[in-house]
Amino acid sequence: MSSGSRFAQHLHTNYIPSTGEISHIRSLVDERQKAVDALNKEIEALIQRRDEHTKFVEEHLALLSPVRRVPDDILSLIFLSCLPRNSPARKATRLSGDHPALVISRVCQRWRHLSLNTPLLWTVIDIQIPWLPDPQQYRWNDAMTQWGEQMQAIFTTTQLWITRSASCPLTVSFSGGFNFAEDTDLSVEPVLAARARMLSIVNALCAVSCRWKSVYLSLQMGINAAIDAFFQIPPDKTPLLETLYVNTLLCSPHFIHPPPQREQLSELMTGRALVKAPRLRRFGVGSLWSSPLPLPIKWHDLTELSLGPVIFEGDKFSPLSILVMCINLTRCTIDHQGSDGSLPGSLENATTSAGSSHTRSSGVCHLSRLRTLELRGFEPPPSFAASVDFPSLRELIVLCSQSRSAGEGLGGGIVELVRKFGDGLTDVLLEWDLLTAPRLLEILRNLPDVINLKIGGGHLFMHRSFDDHRHPLIFDSVLEKLTPQWEDDENAVVGGMCYCPKLKRFWSNVKESVEFSEEAFARFVAGRRNRLSTDFGLLTSFVVALPSCKPTQLIRGRLEEMGVDLEDMVLITAYKKTQAWQHKALVEDHEYDVDEETRSNEDYINAVGPFMQTLGDLTIM
């Protein structure tokens, strides 16, 4: 557009106008500014009209939203699916503004009304008590005031959840407690106020004990602990309780001597006792400060049992003395801390319950219904396999370090267990620190029916020995035994026996000391993707995390070069590197990041672990 000005030739130059020209230029500017102002008004009017039309369209499109037509009962089920699972391993979202029930209730009026009238949304009460301020810290009274405000908020929220859950059975998770130093004056006002606030929360939960269905307690016991009320509930006040998990932290200097609260805890557990609940079927205890044998539990009614480690050497007992009484178990977890491979106690001294006379007479712990066995801590001795009979065992989870007595050979309690029960196992998880190449091959050789195989890593740093000089595990030789060798023209295997013929899902979080190659992994996947074979299971999931900054060869790319059919298969390979105790991962299909779909993939979470988003990196937790 032409400027229409006689000064156009002087624009963008160093020309200096005269006094007369200045007034003329000002009149030109004023004239054009009026035109600009008029156009701006027209534009504003057009924008306003556009916004009105846009608002009209958006508001009417909202009426067409499919979610408006979803019936309330279906929408309630969707809301319930947003709730996380609650267990000692996977905690539910704690009572906070981020809880799914609260987030849902803030979307719209209909959703709020529906969420408030869906009591099952509010049945998980997960409480984390904040740490109590140290009496020696600066401005302790101010810190206690802030702590009291947090406790009041927890109490208010707890009451809200209890009210909104109506009469539904509750899942209660309570973690915390407090313990003052022995020289603390327990009569001062801040201490009394702290105990009163703790009691208000505990009493609010205990007041609805008749609705408890699952209870998870992780408690710090000490002087004036204010949480004894949990253990003083009589059995008739917990008629619905089916699941109870208790982990207690007692104060003992350097854990050298048994803490004085141990006898107090034993009295609480064996007195009125939650463990006497008439419908108790799943019981777990974290740290065993004393033998659980005296607990007044109907052991023969339990279907799931979890026994933590024995804390003090003088309190050794045989887990078999417990198992022999639990004749209806379907799942069992044992944390064995005997690093020398010993398993104290024997069946001869076990107290048996009704229905277990056969076990006592035969000297073998016979559990006909046990389907899942999880072993933690140190590897049990070889004699353990000879002492048990689990004919229905299908899942074996081994998160153990190798006992010092096992050595480099093929012996060891886990190898003997697999030799005895391997024919029936379909799901197996193994810990790297337990394995040498010969032991792993011997285990795999005895797993003809395994469908899901996971070889994890990094669970047991506390159990590792820094003078462990075992030979590195060369994983390629193991994969070779898992890889069928097919003839070119016939659907037949050549080259000898292939281990785990029914394998369908393979997960592994490979540790740094394991030697591997991407080529061996590619050959393994290729060998397991023969759709025409009836003798071998079709591999449907392959998820591995490899300890490498960057891949030497992309497994997916290599498989495509080999012409392998990857349709309907989960294939995820993550590369991680250890730096400052963090694992940073990249997935081969995404150069610098792990996409949301991969991070939420169930197979990926099972193999590598959940991801926590950090500043610029992804941390494997």
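Note: the structure precedes this text.
Residues numbered from 1 in each chain as written. Predicted model: local features only at pLDDT ≥ 70, side-chain atom pairs only at ≥ 80, totals over all residues. Heavy atoms only, no water.

K.L.:
Where do I start with unusual backbone geometry in this structure?
P.N.:
Trans peptide bonds make up the majority, and among non-glycine residues the majority have a negative phi. The backbone of Ala166 sits at a positive phi, close to 55 degrees, despite the residue not being glycine. Within the secondary structure, Ala166 sits in the loop between helix 5 (140-164) and strand 2 (170-177). Under the relative-accessibility criterion, Ala166 is labelled partly exposed at 40%. A positive phi is found at Asp568, a non-glycine position, where the angle reads about 60 degrees. Structurally, Asp568 is set in the loop between helix 15 (555-561) and strand 18 (570-579). Relative accessible area serves as the criterion here: at 67%, Asp568 is assigned to the exposed category. (Helix = DSSP H or I, 4+ residues; strand = E, 2+ residues; numbered from the N terminus. Buried < 20%, exposed > 50% of the residue type's maximum accessible area, 1.4 Å probe, protein only.)

K.L.:
Quick question: what am I supposed to make of the packing of aromatic side chains here?
P.N.:
Aromatic ring pairs are reported here in terms of the distance separating the ring centres and the angle at which the planes meet. Taken as a whole, this structure holds twelve aromatic pairs when the rule is applied. Taking 5.6 Å as the distance between ring centres and 20 degrees as the angle between the ring planes, the aromatic pair formed by Phe390 and Phe421 counts as stacked. Note that Phe390 is positioned in the loop between strand 10 (388-389) and strand 11 (395-401) and Phe421 in helix 11 (residues 413-421), a separation of 31 residues in sequence. Seen from their ring centres, Phe506 and Phe542 are 5.9 Å apart, and the 15 degrees between their planes marks the pair as stacked. Here the residue Phe506 occupies a position in strand 16 (residues 505-509), and Phe542 occupies one in strand 17 (residues 541-547), the gap between them amounting to 36 residues. Judged on exposure class, the residue Phe506 and its partner Phe542 are both buried. (Phe/Tyr/Trp six-rings, centres within 6.5 Å; stacked < 30°, edge-to-face > 60°.)

K.L.:
Where do I start with the packing of helix 12 (residues 437-445) against helix 13 (residues 475-482) in this structure?
P.N.:
Angle between the axes and distance between the axes are the two parameters that describe a pair of packed helices. Direction vectors running N to C along helix 12 and helix 13 enclose 15 degrees, while the axes themselves pass 10 Å from each other. Our classification of the angle between helix 12 and helix 13 gives roughly parallel. Crossing handedness for the pair helix 12 and helix 13: right-handed. Where helix 12 approaches helix 13, its residues Leu440, Leu441 and Leu444 are matched on the opposing element by Phe475, Ser477, Val478, Lys481 and Leu482. (Axes fitted to C-alpha atoms, helices over the stretch in contact; angles between N-to-C directions. Parallel < 35°, antiparallel > 145°, perpendicular 65-115°, else oblique. Left-handed = near helix turned anticlockwise from the far one by under 90°. Contact = heavy atoms within 4.5 Å.)

K.L.:
Please clarify how the pairing of strand 7 (residues 331-336) should be interpreted in this entry.
P.N.:
On a regular strand, each side chain points to the face opposite its neighbour's, so the side chains alternate between the two faces of the sheet. The buried fraction of strand 7 amounts to five of the six residues, a majority that puts the element mostly inside the structure. In terms of strand pairing, strand 6 (residues 304-307) meets strand 7 through four bridges, oriented parallel. Among the inter-strand pairings, Leu305 is bridged to a residue of strand 7, identified as Cys332. Examined bridge by bridge, strand 7 and strand 9 (residues 372-378) share six bridges and lie parallel to one another. By the bridge assignment for strand 9, Cys332 is matched with Leu373. (Pairing = 2+ DSSP bridges.)

K.L.:
What is the right way to read the packing of helix 2 (residues 72-81) against helix 4 (residues 109-116) from this model?
P.N.:
Viewed as axis vectors pointing N to C, helix 2 and helix 4 meet at an angle of 75 degrees, and their least axial separation amounts to 10 Å. Classified by the angle their axes make, helix 2 and helix 4 are roughly perpendicular. Mapping the contact onto sequence places Asp72, Leu75, Ser76 and Phe79 in helix 2 and Arg110, Trp111 and Leu114 in helix 4. Across the contact of helix 2 with helix 4, the residue classes tally to four nonpolar, one polar and two charged. (Nonpolar A, V, L, I, M, F, W, Y, C, P; charged D, E, K, R; others polar.)

K.L.:
What's the story with the nonpolar core in this structure? I'm lost.
P.N.:
Soluble globular proteins tend to bury their nonpolar side chains together. Phe174, Trp212, Phe230, Phe475, Phe506 and Phe542 are the most contacted members of the largest nonpolar core, which totals 127 residues. At eight residues, the largest contribution of residues to this core is made by helix 6 (residues 189-206). With sequence-adjacent residues up to four places away left out, Phe506 is seen in contact with Leu453, Ile455, Phe475, Phe521, Phe524, Leu539, Ser541, Phe542, Val543 and Val544. (Core = buried A, V, L, I, M, F, W, Y, C linked by side-chain atoms within 4.5 Å.)

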